[in-house]
Amino acid sequence: MKNFIYKSGMLALFAGTLVSCDPEIDSPNPTSGQANFETYVALGNSLTAGFADGALYLEGQQNSYPALLAQQFAKVGGDDNFMQPLMPAGVSLGSPIITATGAVVPQKRVLKIQADCAGTVGLSPVEAGERAPYPNAFLGAAPTQQGPYNNMGVPGAKSFHLLAPGYGSPAGLANGTANPFFVRFASSPATSVIADAVAQNPTFFTLWIGNNDVLGYALAGGNAEAPTAENPSPNYPTNPTAFGQYIGALVQQLTANGAKGALGNIPDVSKIPYFTTVPYNALVLTSEEAAGLTAAYAAQGLTHITFTEGANGFVVLEDGVPRKLVAGELVLLTASDLVKCEGKGSMAPLGDEYVLSAAELAIIKEHTDAYNAAIKQIADGNGLAHADFNAYLNRVSSGFMLNGVGYNSSFVTGNIFSLDGIHFTQRGAAMAANEFINVINAKYNARVPKVDETQYSTVVFP
Amino acid sequence: MKSKILALLGSTLLTGTAIAGGYQVNLASQRQIGMGHTGTGLNTGTSSIFFNPGAMAQARNGITIGASAIVSKIAYEAPESYNTVMADNPTGTPFQVYGVYGITDKLKAGLGVYTPFGSTVNWGTEWNGRFGLNELSLKAIFVQPTLSYQITEKLGIGAGFVYSFGGVNLQRSIPLENNEGEASAELDGDASGFGYNVGIFFNPTDKLSFGLSYRSQVDMEVEDGTATFTVPASVQSRFPAGGTSFKAELPLPSTLTLGIGFNPTDKLTLAVDVSRVGWSAYERLRFDYGADVNGSNFTENARNYEDSYIYRIGAEYNVTESLALRAGAYLDETPVQDGYLTPETPDADSRGLSVGLGYSINENISLDASFLYINKKERTDQGNLSGGVPGTFKSVAYIPGVALNYNF
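Quick look at the structure, then.

**Some thoughts on the overall build of chain A**
1) Next: Along the backbone of chain A there are 15 helices and 21 strands.
2) Next: For chain A, the C-alpha atoms occupy an extent of roughly 105 × 65 × 40 Å along the three principal directions.
3) Next: By the burial criterion, 52% of the 462 residues in chain A qualify as buried.
4) Next: Summed over all atoms, the accessible surface of chain A reaches about 19100 Å², with 55% contributed by carbon and sulfur.

Quick look at the structure:
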């Protein structure tokens, strides 16, 4: 018996030593491949800056896709001290709204349970605090980190803005040649975004610019004429030939010292929740309501506008002529209260600025395609990685599952887009970082570890 | 002594860890574990209740009590993460108790209590697959009263009735968050089921024996489980307040085994077993809730397991009258098809290597000890057809065990 106890004791000891033998997965080590991530600089717009929920604020910046890329690059030789023009905690800056009566700065949006315009209590995105005066709110939100800044993302910037000297000059704010977000962190009033970026002598860069070159037009409901000598029409999409030249000039400067990098292309902006949340035919009528509306329009001589029981296209006033929206046309998110509570689109037509017509969508597509052809050509011509965000948003739009979570382009519940319906959630930023990592790894034979996207927040519920 | 060991068993977690194909836990006898878990073609004594009720008629009257400790380790690496995380699995303690008593010379009665299925896996609440699974505990204890009859000197048959009881506890994160963190779900329920175990044993000569056994499928049914959901207040209305009931069914598959025993000398026993496990019964994992949960009163994920085979060889060598040394090996094919891998049972073809020893203290009392090492092949899967988690899994397990036999 003693003998046995001794033997079983030895067996247990044997087992004990084996317990420490963990299984190992045979995978290669991370490597930077042919890229050098020592100094990484990100150029772009609000998506790059970490703008989310309608504002720039600390948590969005800390989890911006460039910050997440830098965190992953640090595992393969990148500097782990990625500097950003961080906001003070608890402060947020939306894009200023400038009207004749004054200028205010919207606050970041949060989900709250409250009554909507029709008195229905439910979850809706609302601004977390009172709008702040402009430009004082910007002056009071100086960066909490010192420059130079690796993250050069400027909310609202278009392609050519990155090349523009004085884009960060306080004196240029009044006439619109400067951007208050860049004024916060420009190294001098005279500098440009590209000059501040190149001055850091980056070894690696990402450049994702051009969304605003077409988004501005879309956000205006396509309410902009093609520019002429007399009318610069700033909301009209940037000329594609000029766009290619701007991107070419930016890349030429960024690669002058041999830096490698990645270019992101432009998604189809008409697939973001800002344009897809209110269906064109969300006007659901009973047969009595339909008959009443048809009669009301007929009484004004508008006999071509008729309504039927069930779903109807909203009525829009286009170039002074009312008509019904047809399948494929889009209504902006900002119209949701108007159609819900003010009878717009039914009793009275919706303004053209709330609608993207088929013709306007064609202009958006034509420009987006041309921009993307230029970006692809410049990426290939300079040996740069090319992240196809256009294809990515198409995948999001169709919806997919990853790690047990569903992703799509739905507002609030789609997990990719934040409460402004345009910009990413932190989870969405992590996914964008992984899109970049995919193409960087492929282009430079690198093995930059992917971000665990599940560690980053989606929309936070109360 | 007996009551002390029983008390000890009662105080431990009566669970296995997912160490065999699927959630099967083939640890039915310490002597047989040492021999690669062969035994259908042998007279294995009291454990014939499990291995082959047809051989039980030849078993001596006696009682066996044994248990194993499963130390399992599962590594996981998300695609292109170049970073390995480990599941923190508690040590599982499957056990076996068998008693055999001769009613007449030819007719014997037996009772077995054992744990042929189970799984305990704990991935925690932070890994990237947490919306699939945080933690799963599956327990099944089989109670099998058995009769065996010696038809001729060379031929025995036996049959047992199986009552199975146990439970399931499943915890997962829900992809909804508030400022306090992520939402979560916990499903907990008792389960039970019925089945049978039949066998025929034929030993034409002293040197050769054959056995065929069939352990039926047992459908473990959860009739009235409790599902609770911790979610943000603003979406609470989409989840049943205070939880709801749920029903579920998990098939514990049938196993058909053909075994051969061969004694080339008085001192050496060799055994070979081939088993076909009816895993194709596990088509889906479905939970039916007593109330709507986020807009639906059920959840369902495909499993579509395939029937699989296990090939075993084992040997026992009697060094002296009182000491026996054993060794064995087996290959256990995975029932999980590509695309269906889940973190509950991140299964792959597994290889088992075992050693064991037996020591007879006297005519009536003997002890068995075994050690089994299981190594599953590294497996990379998208898990996209089962709602699983994409990535690479690798599992190993170290399983020491001991048993006491008392014969009279």
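**Re the overall build of chain B**
1) Next: Broken down by element type, chain B carries three helices and 21 strands.
2) Next: Over its C-alpha trace chain B gives a radius of gyration of 22 Å, about what one expects of a compact globule, namely 22 Å for 408 residues.
3) Next: Reported as C-alpha extents along the three principal axes, the dimensions of chain B are approximately 75 × 45 × 40 Å.
4) Next: Within chain B, counting contacts between residues at least 6 apart in sequence, those at least 24 apart form 69% of the total.
5) Next: Carbon together with sulfur atoms contributes 56% to the accessible area of chain B, which is approximately 15800 Å² in total.
6) Next: Taken together, the 27 basic and 39 acidic charged side chains of chain B have centroids lying 8 Å from each other.

**Comments concerning the pattern of salt bridges**
Residues and elements named next belong to chain B.
1) Next: Summed over all chains, the structure comprises 22 salt bridges over all chains.
2) Next: Two residues, Glu300 and Arg284, come together in a salt bridge whose shortest N-O distance is 3.5 Å. Residue Glu300 is found in strand 15 (residues 296-302), and its partner Arg284 is found in strand 14 (residues 284-293); the two are separated by 16 residues along the sequence.
3) Next: Given the relative accessible area of 39%, Arg284 is considered partly exposed.
4) Next: Between Asp288 and Arg286 there is a salt bridge, with the nearest N and O atoms lying 2.9 Å from each other.
5) Next: Where salt bridges share partners, they join Glu283, Arg284, Arg286, Asp288 and Glu300 into one cluster.

**Description of the pairing of strand 12 (residues 255-262) of chain B**
Residues and elements named next belong to chain B.
1) Next: Residue alternation in strand 12 divides its side chains into a buried set, Thr255, Thr257, Gly259 and Gly261, and an unburied set, Leu256, Leu258, Ile260 and Phe262.
2) Next: The sheet contact formed by strand 9 (residues 208-215) and strand 12 spans eight bridges and is antiparallel. From the neighbouring strand, Leu208 faces strand 12, where its bridge partner is Phe262.
3) Next: A loop of five residues connects strand 12 with strand 13 (residues 268-277), the two strands running antiparallel in sequence.

**Here's the deal with the nonpolar core**
All names here are of chain A.
1) Next: Membership of the largest hydrophobic core comes to 175 residues, with the highest contact counts inside it found for Leu43 and Leu207.
2) Next: For this core, the element with the highest residue contribution is helix 15 (residues 426-444), accounting for 10 residues.
3) Next: Sequence-distant contacts of Leu43, that is, excluding residues within four places in its chain, are made with Thr48, Tyr65, Met152, Leu162, Val193, Ile194, Ala197, Thr206, Leu207, Trp208 and Leu254.
4) Next: Residues Leu302, Phe314, Leu325 and Ala335 belong to the second largest nonpolar core, which totals 19 residues.

**Concerning the packing of aromatic side chains**
All names here are of chain B.
1) Next: Applying the stated criterion across every chain yields a total of 53 aromatic pairs over all chains.
2) Next: With a centroid separation of 6.0 Å and an interplanar angle of 45°, the aromatic rings of Tyr196 and Tyr214 are classed as tilted. In this pair, Tyr196 is assigned in strand 8 (residues 181-202) and Tyr214 in strand 9, connecting sequence segments 18 residues apart.
3) Next: Taking relative accessible area as the criterion, Tyr214 reaches 28% and is therefore assigned partly exposed.
4) Next: Ring geometry for Phe229 against Tyr289: centres 6.1 Å apart, planes inclined by 70°, an arrangement best described as edge-to-face. Taken together, the residues span a long stretch of sequence, with Phe229 in strand 10 (residues 218-230) and Tyr289 in strand 14 at a distance of 60 residues.
5) Next: By relative accessible area, Phe229 is classed as buried at 11%.
6) Next: According to the relative accessible area criterion, Tyr289 is buried, its value standing at 10%.

**Things to note about unusual backbone geometry**
All names here are of chain A.
1) Next: Backbone torsion omega between Tyr134 and Pro135 reads 5°, so that peptide bond is classified as cis.
2) Next: Non-glycine residue Ser233 carries a positive phi angle of around 45°.
3) Next: Residue placement: Ser233 occurs in the loop between helix 8 (211-219) and helix 9 (240-254).
4) Next: The phi angle at Asn415 is positive, at roughly 75°, despite the residue not being glycine.
5) Next: Of note, Asn415 is situated in the loop between strand 21 (405-407) and helix 15.
6) Next: On the basis of relative accessible area, Asn415 is assigned to the buried category, the value being 9%.

**What about the sheet that holds strand 10 (residues 204-208) of chain A?**
Residue and element names in this part refer to chain A.
1) Next: Across the sheet, which stays open at both edges, the five strands sit in the order 9-1-10-11-19 with parallel pairing between neighbours. Edge positions in the open sheet fall to strand 9 (151-153) and strand 19 (385-387), since each of these has one partner strand only. The average undirected angle you get between the axes of adjacent strands in this sheet is 15°.
2) Next: Of the pairings in the sheet, the one linking strand 11 (residues 260-264) to strand 19 comprises three bridges and is parallel in character.

**Quick word on the side chain of Arg326 of chain B**
All names here are of chain B.
1) Next: Checked against the element boundaries, Arg326 lands in strand 17 (residues 323-332).
2) Next: For Arg326, a relative accessible area of 7% gives the class buried.
3) Next: One polar contact links Arg326 to Glu316, side chain to side chain, over a distance of 2.6 Å.
4) Next: If near-sequence neighbours (up to four positions away) are discounted, Arg326 is found in contact with Arg31, Gly34, Met35, Ala315, Glu316, Ser354, Val355, Gly356, Leu357, Gly358 and Asp368.

**Brief notes about the environment of Ser275 of chain B**
All names here are of chain B.
1) Next: Considering the arrangement of structural elements, one finds Ser275 in strand 13.
2) Next: A C-alpha to C-alpha distance of 50 Å links Ser275 and Ser237, two positions 38 residues apart in sequence.
3) Next: Apart from residues lying up to four places away in sequence, Ser275 is in contact with Thr255, Leu256, Thr257, Ser308, Tyr309 and Ile310.
4) Next: At 2.9 Å, the side chain of Ser275 forms a polar contact with the side chain of Thr257.

**Here's the deal with the packing of helix 9 of chain A against helix 13 (residues 358-381) of chain A**
All names here are of chain A.
1) Next: At a minimum axis separation of 9 Å, helix 9 and helix 13 run at an interaxial angle of 30°. By the angle between their directions, the pair helix 9 and helix 13 is classed as roughly parallel. As helix 9 runs across helix 13, the sense of the crossing is right-handed. Of the residues in helix 13, those in contact with Pro240, Phe243, Gly244, Ile247, Gly248 and Val251 of helix 9 are His367, Ala370, Tyr371, Ala374, Ile375 and Ile378.

Rules and cut-offs
- Residues numbered from 1 in each chain as written.
- Chains lettered and ligands numbered in written order.
- Predicted model: local features only at pLDDT ≥ 70, side-chain atom pairs only at ≥ 80, totals over all residues.
- Heavy atoms only, no water.
- Helix = DSSP H or I, 4+ residues; strand = E, 2+ residues; numbered from the N terminus.
- Buried < 20%, exposed > 50% of the residue type's maximum accessible area, 1.4 Å probe, protein only.
- Areas by Shrake-Rupley, 256 points an atom, 1.4 Å probe, with all protein chains shown as cover.
- Rg over C-alpha atoms; globule rule 2.2 N^0.38 Å.
- Contact = heavy atoms within 4.5 Å.
- Lys, Arg positive; Asp, Glu negative; His and termini not counted.
- Charge placed at Lys NZ, Arg CZ, Asp CG, Glu CD.
- Salt bridge = Lys/Arg side-chain N within 4 Å of Asp/Glu carboxyl O.
- Pairing = 2+ DSSP bridges.
- Core = buried A, V, L, I, M, F, W, Y, C linked by side-chain atoms within 4.5 Å.
- Phe/Tyr/Trp six-rings, centres within 6.5 Å; stacked < 30°, edge-to-face > 60°.
- Axes fitted to C-alpha atoms, helices over the stretch in contact; angles between N-to-C directions.
- Polar contact = N/O pair within 3.5 Å; in protein donor to acceptor, adjacent residues only side chain to side chain.
- Parallel < 35°, antiparallel > 145°, perpendicular 65-115°, else oblique.
- Left-handed = near helix turned anticlockwise from the far one by under 90°.

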